[in-house]
Amino acid sequence: MTAVYIYVVVGDTTWQRPAADGLVYWAVNLDHLYVGATVGGQNAYLYSPAFAQVFSLIGLLPREVFIVGWTLTLTLIAAWLARPWPPALLVLALPVSQEIMIGNIHLVLASAIVLGFRYAPTWSFVLLTKVTPGIGLIWFAVRREWRHGILAGGTTLAIAGISYVLNPSAWRDWVEFLRHDGGTGGQGLLLRLAIAAIVTAFGALTNRAWTVPMAAMIGLPVVWMDSFSMLLGCVALSRYPRASSPRDGSVTTGDVAPPTDVFARLSS
């Protein structure tokens, strides 16, 4: 009902700008990535050069093909995340529909976090785009799942290293951007990161994996309406088993990945 009210009564025009954010990635210029970039700025590219380098290849697609393909991809991701409880798509209809229409990466972030419980390298996508949602990695530290943390960090460093070799000046520009403007557009970013850390630590101690996508959303540099689409990650992890906890001594070193059948239900 909220979505209907916003679109019909308020007259939200998001639908008139299909893949508006996605087109920023599609049209990225590797030679001038951060010229005039500001948090919340129109057509501003804010992510790492590594993401831009990958999307420069996707940018070879015709504009219309990209819009259709990107929109369909986000739609399928939303459906996959919501499989344990499909009514979540109705509850989150407004942020999910806006996310799909404008083509941001919140749903991709949520899927990377969900997959990251079994395939830790997917966290590199989180760290090389919006960065601060990586606060969710506290889960592995609290649970002493060191292999997952090392894989996540190592993969990120490897990708960043290769990307840096290809375009060192872009990396220097990105670091400079993050230093001067990376957090200025956030609403109480430091406070939200502290809250996100607490939520993640609590979830890790009590085996509530669904707290990690929630914490990552809280820790976003800027929280928009479509950012709440990340809560579909909570739905996807709602069946994560609660069989062991660092507090009961059953988790010591190494990693404790969720049983295969949990992810089988998500992918089947």
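This text follows the structure it describes.
These notes cover the structure that comes with them.

Each value, and the rule that gives it
- Position numbers for residues count from 1 along each chain, tracking the sequence in the order it is written.
- It should be noted that, the model being predicted, local features are given only for residues of pLDDT at least 70 and side-chain atom pairs only at 80 or more, the latter also being counted only at that level, while totals for whole chains, interfaces and linings use all residues.
- The side-chain quantities take in all heavy atoms of the structure and omit both hydrogens and water.
- Any residue under 20% of the maximum accessible area for its type is buried, any over 50% is exposed, and the rest in between are partly exposed; the area is computed with a 1.4 Å probe on protein chains only.
- Put simply, DSSP marks the helices as runs of H or I at least four residues long and the strands as runs of E at least two long, and each gets a number from the N terminus on.
- Grid points spaced at 1 Å over the protein atoms alone were grouped into cavities, where a 1.4 Å probe fits but cannot get out, and pockets, open sets with protein on both sides within 12 Å along at least five of seven lines, with lining residues defined by an atom within 4 Å of a point.
- Grid points are joined across faces, edges and corners, and a volume is the space filled by probe spheres set on the points.
- Each residue is assigned to one class: nonpolar for Ala, Val, Leu, Ile, Met, Phe, Trp, Tyr, Cys and Pro, charged for Asp, Glu, Lys and Arg, and polar for all the others, Gly among them.

Turning next to helix α6 (residues 93-102). Among the 10 residues in α6, 7 count as buried, and that is most of the element. Within the sequence span of α6, burial applies to L94, P95, V96, Q98, E99, I100 and I102. One or two positions beyond α6, positive phi appears at G103, with a value near 75 degrees.

What follows concerns the layout of surface pockets. Each pocket or cavity is described by its volume, and for the second largest pocket that value is around 260 Å³. Along the wall of the second largest pocket there are 16 residues; nearest its centre are A50, F51, V54, F125 and T129. Residue assignment for the lining of the second largest pocket shows that the elements contributing at least two residues are α3 (49-58), α4 (63-81), α8 (123-127) and α10 (146-166). With 6 residues, the top contributor of residues to the lining of the second largest pocket is α3. A per-class count over the lining of the second largest pocket returns 11 nonpolar, 5 polar and no charged.

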